[in-house]
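Here is how the chains run, residue by residue.
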Amino acid sequence: MNVLVLGSGGREHAFAWKIAQSKQLQNLYIAPGNAGTAHCGTNVNVAVNDFEGIKNLVWEKDIDLVLVGPEDPLVNGLHDFFLNDEVLKDIPVIGPKKDGAQLEGSKDFSKQFMIKHGVPTARYATFTKDTLGEGFSFLETLPPPFVLKADGLAAGKGVLIVPSLEEAKAELKSMLMDSKFGSASSKVVIEEFLKGIELSVFVLTDGKSYKILPAAKDYKRIGEGDTGLNTGGMGAVSPVPFANEAFMKKVEEKVVKPTIEGLNAEGIDYRGFIFIGLMNSDGEPSVIEYNCRMGDPETEVVIPRIKSDFLDLLQGVATQTLEQKEFETIPETAATVVLVSGGYPGTFEKGKKVQGYHLIDESIVFHSGTRQDGEDVLTNGGRVFAVTSFGTTIEKAVNKSFIRAEKIHYEGKYYRKDIGKDLLG
Ligand code: AMP
Ligand code: GLY
């Protein structure tokens, strides 16, 4: 098979790394890819939202399957574009159509979906600029802190958690009246704050059956001890001790099954990943959000823990035979530590020369934001590498990644040294 992976981050490097190991693979292309993916297949300089460019590439390279990494092209209708095109219509796209991608593309849609299909989630209401006053009244009924979410995609920045009622009202006004997040905040979801510990659960579905992939815990804040600004993710661990068999059973029964059944009931033929961000509140799962893709950096621990042929699983999605596919995981713990550019998630410089990334040892160095420049590899993003290692314990896995991270050099390198610490003991 000839496969095309869309995207350029650590998630896509992990996909490419795994697909490259499949016996069923002939040629692998990554668009646009990064300096790491170039070692798994051929990078092609086509952007993920350039639908015509993707069409040409699929045609030229005789692609048999397209795996979409990020949410943007899915929310923008890449899968629908394929289905509506004479040349592309029979080429499977792994990732939902526009209707399914709304699970991530609209917070209001996803909250309505959860309530309608009995998926546990925080109490909420949605407001527009015409109902600002009602929004203020709703805020007054909630205990602090206050959670405000821009309805649409806002590059991961659309969720605000504010401590006081005054600030919450000011933020609501700024989101609705001053378009704080552009058109993404023309609707705002306000919801109850959930206490507990977060977990990322990943489901691969062909619309009929599903496989629950290894769960992971992500570390979102830039600073140690979960302090400072939110980032795309600074590290991840899988498996997660509190996501034990009993808890995961509840997740399957109360969250995964009603979600899949709900999609069917809505007539949404969903083929791809569902990333369920949930809170474990005193042993009960409550869904914070859905995403229509895999998580990053969670993919960098989830994918290495899949023992089975990943391309075979994707083919199962494409042909709606997922139920018959073998799905085995590796029980050992995988941990990833993300190396970022100095200044991230604020302003940072790109183009710093990297050394020590290619040393061969037990860890896997996934590239998140790099580019090849002649002989050199240069930093090309806020998140630069995700260093994944296995261990018999979280501590051993994380420590291996820390040791490996020390050997990678570029100006401004930073990483959190407390990944996984909260899960110990
Ligand atoms: P999201 O962009 O929806 O993932 O939200 C970003 C982060 O905000 C989540 O990962 C949670 O840490 C936090 N968050 C979102 N909604 C809630 C909630 N209802 N209660 C507590 N924390 C939340
Ligand atoms: N790691 C969280 C995300 O991918 O959204």
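As shown above, the structure is provided for reference.
These figures come from a predicted structure and were not determined experimentally. (Residues numbered from 1 in each chain as written. Chains lettered and ligands numbered in written order. Predicted model: local features only at pLDDT ≥ 70, side-chain atom pairs only at ≥ 80, totals over all residues. Heavy atoms only, no water.)

**Considering the overall build of the protein chain**
Point 1. Across its full length, the protein chain carries 12 helices and 22 strands.
Point 2. In terms of overall dimensions, the protein chain is globule-like: its C-alpha atoms have a radius of gyration of 21 Å, near the 22 Å expected for 425 residues.
Point 3. With the principal axes as the frame, the protein chain shows a C-alpha extent of 60 × 50 × 45 Å.
Point 4. Once local pairs closer than 6 in sequence are excluded, the contacts in the protein chain between residues at least 24 apart make up 69%.
Point 5. Element-wise, carbon and sulfur atoms account for 49% of the exposed surface of the protein chain, whose accessible area totals about 17,600 Å².
Point 6. The protein chain carries 47 positive and 59 negative side-chain charges, and their two centres are separated by 2 Å. (Helix = DSSP H or I, 4+ residues; strand = E, 2+ residues; numbered from the N terminus. Rg over C-alpha atoms; globule rule 2.2 N^0.38 Å. Contact = heavy atoms within 4.5 Å. Areas by Shrake-Rupley, 256 points an atom, 1.4 Å probe, with all protein chains shown as cover. Lys, Arg positive; Asp, Glu negative; His and termini not counted. Charge placed at Lys NZ, Arg CZ, Asp CG, Glu CD.)

**Details of the sheet that holds strand β8 (residues 159-162)**
The strands making up a sheet are joined through hydrogen bonds of the backbone, oriented either antiparallel or parallel.
Point 1. Strand order in the open sheet formed by four strands is β6-β9-β7-β8, and the pairing between neighbours is antiparallel. Since the sheet does not close on itself, it has two edges, and those belong to β6 (124-127) and β8, each with one partner. Mean inter-strand twist for the sheet, computed between neighbouring axes without regard to direction, equals 20°.
Point 2. Note: strand β7 (residues 146-150) against β8, four bridges, orientation antiparallel. By the bridge assignment for β8, Val147 is matched with Ile161.
Point 3. This element, helix α7 (residues 132-140), spans β6, β7 and β9 (188-191) of the sheet and lies at about 160° to β6.
Point 4. Packed on one face of the sheet, helix α8 (residues 165-177) meets β6, β7, β8 and β9 and runs near 5° to β7. (Pairing = 2+ DSSP bridges. Axes fitted to C-alpha atoms, helices over the stretch in contact; angles between N-to-C directions.)

**Examining the pattern of salt bridges**
Two side chains of opposite charge can pair, provided their charged atoms sit close to one another.
Point 1. Following the criterion strictly, the structure yields 30 salt bridges and no others.
Point 2. Ionic pairing is found between Asp376 and Lys353, a salt bridge with its closest N-O pair at 3.5 Å. One end of the pair, Asp376, is in strand β21 (residues 376-379); the other, Lys353, is in the loop between β18 (333-340) and β19 (364-367), and 23 residues separate them in sequence.
Point 3. Taken together, the shared-partner salt bridges connect Glu71, Glu104 and Arg293 into one network. (Salt bridge = Lys/Arg side-chain N within 4 Å of Asp/Glu carboxyl O.)

**Section: the sheet that holds strand β12 (residues 217-218)**
Point 1. Strand order in this open sheet of five strands is β12-β15-β18-β22-β19, and the pairing throughout is antiparallel. Each having just a single partner strand, β12 and β19 make up the two edges of the open sheet.
Point 2. Here strand β15 (residues 235-238) runs beside β18; their pairing, made up of four bridges, is antiparallel. Directly across from Val237, in β18, lies its bridge partner Ala335.
Point 3. Against the sheet, helix α12 (residues 394-406) contacts β15, β18, β19 and β22 (383-391), and its axis sits at roughly 140° relative to β22.

**A short note on the packing of helix α1 (residues 10-19) against helix α11 (residues 310-318)**
Point 1. Here α1 crosses α11 at 100°, and the two axes come no closer than 8 Å. By the angle between their axes, α1 is roughly perpendicular relative to α11. Touching Phe15, Lys18 and Ile19 of α1 are Phe310, Leu311 and Leu314, all from α11.
Point 2. Per-class residue counts for the contact of α1 with α11 are five nonpolar, no polar and one charged. (Parallel < 35°, antiparallel > 145°, perpendicular 65-115°, else oblique. Nonpolar A, V, L, I, M, F, W, Y, C, P; charged D, E, K, R; others polar.)

**Observations regarding the site of ligand 1**
Point 1. Taken together, 14 residues are adjacent to ligand 1, and Glu191, Glu192, Leu194, Glu198 and Glu289 come closest.
Point 2. With respect to ligand 1, the side chain of Glu191 contributes an N or O atom lying 2.6 Å from a nitrogen atom.
Point 3. In isolation ligand 1 offers 470 Å² of accessible surface; the protein chains occlude 88% of this area.
Point 4. Elements that contribute at least two residues to the shell around ligand 1 include exactly β7, β8 and β17 (284-291).
Point 5. Here the shell around ligand 1 is built from residues that sort into seven nonpolar, no polar and seven charged. (Near = heavy atom within 4 Å. Polar contact = N/O pair within 3.5 Å; in protein donor to acceptor, adjacent residues only side chain to side chain.)

**A short note on the site of ligand 2**
Point 1. Residues in contact with ligand 2, as listed here, are Asp218, Gly232, Phe275, Arg293, Gly295, Asp296, Pro297 and Glu298.
Point 2. Within the contact set of ligand 2, a nitrogen atom lies 2.9 Å away from a side-chain nitrogen or oxygen of Asp218.
Point 3. Here a nitrogen atom of ligand 2 and a side-chain polar atom of Glu298 are 2.8 Å apart.
Point 4. With the chains in place, 87% of the 190 Å² that ligand 2 exposes on its own is no longer accessible.

**What to know about unusual backbone geometry**
Point 1. The omega angle of the peptide bond from Ala31 to Pro32 is -5°, so this bond is cis rather than trans.
Point 2. Position of Pro32 among the secondary structure elements: in strand β2 (residues 27-32).
Point 3. For the peptide bond that leads from Pro144 to Pro145, omega is -10°, which places it in the cis range.
Point 4. Along the chain, the position of Pro145 falls in the loop between α7 and β7.
Point 5. Of note, the phi angle at Asp226 is positive, near 55°, even though the residue is not glycine.
Point 6. Within the element layout of this structure, Asp226 appears in the loop between β13 (221-223) and β14 (227-230).

**A word on α12**
Point 1. Counted at 1.5 Å a residue, the expected span for α12 with its 13 residues is 18 Å, and the 18 Å between its end C-alpha atoms agrees.
Point 2. Taken together, the buried residues of α12 touch β15, β18, β19 and β22. (Expected span 1.5 Å × (residues − 1).)

**A few points about the nonpolar core**
Point 1. In this structure, Leu4, Val66, Phe82, Leu199 and Ile276 are the most contacted members of the largest nonpolar core, which totals 73 residues.
Point 2. When residues of this core are assigned to their parent elements, the largest contribution, seven residues, is made by helix α9 (residues 245-265).
Point 3. The next biggest cluster of nonpolar side chains, apart from the first, holds 42 residues, and it includes Leu65, Leu213, Ala216 and Phe390. (Core = buried A, V, L, I, M, F, W, Y, C linked by side-chain atoms within 4.5 Å. Buried < 20%, exposed > 50% of the residue type's maximum accessible area, 1.4 Å probe, protein only.)

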